[in-house]
Amino acid sequence: MVFQGASFSPQDAYHVHFESNALLTVDHTGLIDRLIRPSDADYTSVRQAAQAADILQILPAHTYLLPGFIDLHVHAPQWPQAGLALDRPLNDWLNTHTFPLEARYADSQFAHRVYQHLIPELLANGTTTVLYFGTIHHDANLELARACADYGQRGYIGQVVMDNPDQTPATYRTPSATDAINGTEKFVMAVQALAKQRHAAVTPVITPRFVPSCTPAALAGLGQLAQRYDLPIQSHCSESTWEDQYAQEHFHRRDAEVLDHFGLLTSRSVMAHGTQLSTSDLDLFHQRQTAVAHCPISNAYFGNAVFPVNQALHRDVKVGLGSDLSGGFTPSLYRNLQQAVMASQMRQDGVDAAQVADKRGVKDSRISATTAFYLATKGGATSLHLQAGQLIPSYTADFQIVHDRYATLMPNDAGSIFERLMYHTTPADIKAVYVRGQRVHHLKGDHN
């Protein structure tokens, strides 16, 4: 396939590259083969050959190629409660609403119905790769993996471990550390078999829910399992004041230090939230090359602080973006990257007008839409060791085709267009989505 049109792609956390009318060629393996500019000698011949072979797709006016978004933190089973009870404290929200909902996934038919709805919804929002928390249920988690395979989304899927009887309800708990380890290993094997059988981009992930919900034996066993199979790891780290204090009260160590002690901070680990991370924690993340899933909407409800994106990036910590359904109410990473910018500005300026202005905020906190776009694309890809998140040769052909609905009313220089896309794009503007060069979403009624 050959795509002709304009595109935006991140270079790094502070620069976006714009192409006005290039040809992007995709090979039979689903990789971007070439990016051919009008000034290149073979531009016309490649275009004519593609047109003759009926594999040329010309983007309509005011329509742009963007990399597919990478969501580093989604609680898939929580989709039915997105936007509910977000005024409650985290512990109350978990025990009153979330754990009872997740317990329902003992019914794999219920899981099938939810996940067959969730994955298309995420694709319609331009999200091509997701790092998923499942539940404690083997069959339900396989339904999630199958749904990713059915719809062509790249899915990293974790079977949740939560075996601490002091912090988990009897109605929703991994029976023991032994069950946690054995069950996780069984799930790993099943997902790897599914990936091979279906040629699907699904990967198992070691998933202790968070330090409070797991016994030391479970944490230790999961760390060993991740090392044995060289698997990604996901959890929450210093998500809130309560979670951060729990680790210090029960382990006499910071949350990050507890996870590191059990071998759960590695170069393949992604830890969600991190609003309470200290500078020493960030240095530890840098040393271990562990990534942070920044979840700005969810953090506004449950994080008790704003994650310091710039400070983390300046310490060379890997950072990507997460929606955190359903602690975040929306599946849209556009909404989350907008909130990332807003939250950074509030951290910069401070929120308490009773304080002296120059003492109110935290300097060097403000980020731009460019940085937020990087988090949703290249930052997430780097966190998962993926050759994706950029529209460059040898990278996976994961992208979205997005229409600029306000092009005839507003400035049309590249910078203005880019920011407009970041702030105004909705699913109605996302014309098509591709994963590994295959179209996985097409806006109904659109024939472009």
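Residues numbered from 1 in each chain as written. Predicted model: local features only at pLDDT ≥ 70, side-chain atom pairs only at ≥ 80, totals over all residues. Heavy atoms only, no water.

Draft legend 1. Up close: the environment of Val 440. With respect to the secondary-structure elements, Val 440 resides in strand β16 (residues 438-442). Taking the C-alpha atoms as reference, Val 440 lies 28 Å from Val 160; in sequence the two are 280 residues apart. Apart from the residues lying within four places of it in its own chain, the contact partners of Val 440 are Leu 123, Tyr 151, Gly 152, Val 433, Tyr 434 and Val 435. (Helix = DSSP H or I, 4+ residues; strand = E, 2+ residues; numbered from the N terminus. Contact = heavy atoms within 4.5 Å.)

Draft legend 2. Region of interest: the environment of Gln 248. Looking at where Gln 248 falls in the secondary structure, it is placed in helix α7 (residues 241-251). When near neighbours in sequence (up to four residues on either side) are disregarded, Gln 248 contacts Arg 253 and Arg 254.

Draft legend 3. Layout of the packing of helix α3 (residues 108-124) against helix α4 (residues 138-151). Where α3 meets α4, the closest approach of the two axes is 9 Å, and the angle between their N-to-C directions is 35°. Two packed elements cross with a definite hand, and for α3 against α4 that hand is right-handed. Packed against α3, whose contacting residues are Ser 108, Ala 111, His 112, Tyr 115, Gln 116, Ile 119, Pro 120 and Leu 123, the element α4 presents Asp 139, Ala 140, Glu 143, Leu 144, Ala 147, Cys 148, Asp 150 and Tyr 151 at the interface. (Axes fitted to C-alpha atoms, helices over the stretch in contact; angles between N-to-C directions. Left-handed = near helix turned anticlockwise from the far one by under 90°.)

Draft legend 4. Geometry of the state of the cysteines. Scanning the model with the defined rule gives 0 disulfides in all. Looking at Cys 148, it has no disulfide partner, and the nearest cysteine sulfur is the one in Cys 295, 18 Å off. Among the cysteines around Cys 295, which has no disulfide bond, Cys 237 carries the closest sulfur, lying 12 Å off. Exposure remark for Cys 295: the relative accessible area of 0% places this residue in the buried category. (Disulfide = S-S within 2.5 Å. Buried < 20%, exposed > 50% of the residue type's maximum accessible area, 1.4 Å probe, protein only.)

Draft legend 5. Just the pairing of strand β2 (residues 15-26), in detail. Sheet topology places strand β1 (residues 2-12) next to β2; 9 bridges connect them, and they run antiparallel. The residue bridging Gly 5 from the neighbouring strand is Ala 22, located in β2. Between the end of β1 and the start of β2, which pair antiparallel, lie 2 residues. Relative to strand β3 (residues 32-36), β2 runs antiparallel, the two being bridged by 4 bridges. Paired with Val 26 across the strands is Ile 32, a residue of β3. Between the antiparallel neighbours β2 and β3 lie 5 residues, among them Gly 30 with a positive phi of about 90°. (Pairing = 2+ DSSP bridges.)

Draft legend 6. Expanded view of helix α2 (residues 90-103). Along α2, the largest kink reaches about 35° and is centred on His 97; proline Pro 100 follows within four residues of it. The inward-facing, buried residues of α2 contact β6 (69-75), α3, α7 and α10 (296-302). (Bend = angle between axes of the 7 residues up to and from the residue.)

Draft legend 7. Inspection of unusual backbone geometry at higher detail. In the segment running from Leu 325 into Ser 326, the intervening peptide bond is cis, with an omega of 5°. Counting through the fold element by element, Ser 326 comes out in the loop between β13 (318-321) and α12 (333-349). The phi dihedral of Asn 304 falls on the positive side, at around 60°, and the residue is not glycine. Relative to the helices and strands, Asn 304 resides in the loop between α10 and α11 (309-314). On the basis of relative accessible area, Asn 304 is assigned to the exposed category, the value being 53%. Even without glycine at this site, His 385 takes up a positive phi of about 60°. Here His 385 lies in the loop between α14 (369-383) and β14 (399-403). Overall, His 385 belongs to the partly exposed group, its relative accessible area being 47%.

Draft legend 8. Quick peek at the environment of Val 114. Among the secondary structure elements, Val 114 is positioned in helix α3. Here Val 114 falls in the buried class, since its relative accessible area comes to 7%. When the C-alpha atoms of Val 114 and Ala 147 are compared, they prove to be 9.7 Å apart, with 33 residues separating the residues in sequence. Every residue in contact with Val 114, bar those within four places of it in the chain, is listed here: Ala 76, Trp 79, Pro 80 and Tyr 105.

Draft legend 9. Region of the structure containing the pattern of salt bridges. Under the defined criterion, the tally for this structure stands at 16 salt bridges. The shortest N-O distance in the salt bridge between Arg 228 and Glu 185 comes to 3.5 Å. Taken as a pair, Arg 228 in helix α6 (residues 216-229) and Glu 185 in helix α5 (residues 177-198) lie far apart in primary sequence, 43 residues in all. Arg 228 sits in the exposed class, given a relative accessible area of 54%. Through salt bridges with shared partners, a single network forms among Asp 244, Arg 254 and Asp 281. (Salt bridge = Lys/Arg side-chain N within 4 Å of Asp/Glu carboxyl O.)

Draft legend 10. Structural detail: the packing of aromatic side chains. This structure, assessed with the given rule, holds 17 aromatic pairs. Ring centres 5.2 Å apart and planes at 70° place the aromatic pair Phe 373 and Phe 418 in the edge-to-face group. Taken together, the residues span a long stretch of sequence, with Phe 373 in helix α14 and Phe 418 in helix α15 (residues 414-424) at a distance of 45 residues. Classification of Phe 373 as buried rests on a relative accessible area of 0%. Judged by relative accessible area, Phe 418 falls into the buried class, the value being 5%. Lying across the ring of Phe 110, Arg 104 places its NZ or CZ 4.0 Å from the centre. (Phe/Tyr/Trp six-rings, centres within 6.5 Å; stacked < 30°, edge-to-face > 60°. Lys NZ or Arg CZ within 6 Å of the ring centre and 35° of its normal.)

Draft legend 11. Region of the structure containing the nonpolar core. Judged by nonpolar contacts, the single largest core of 95 residues is most densely connected at Tyr 115, Leu 118, Ile 119, Tyr 132, Phe 285 and Met 422. Tallying contributions element by element places α5 first for this core, with 9 residues. If we skip the residues at most four places from it in the chain, Tyr 115 touches Ala 76, Pro 77, Tyr 105, Pro 120, Thr 135, Ala 140, Glu 143, Leu 144 and Ala 147. (Core = buried A, V, L, I, M, F, W, Y, C linked by side-chain atoms within 4.5 Å.)

None of the figures reported here should be taken as evidence of function without further support.
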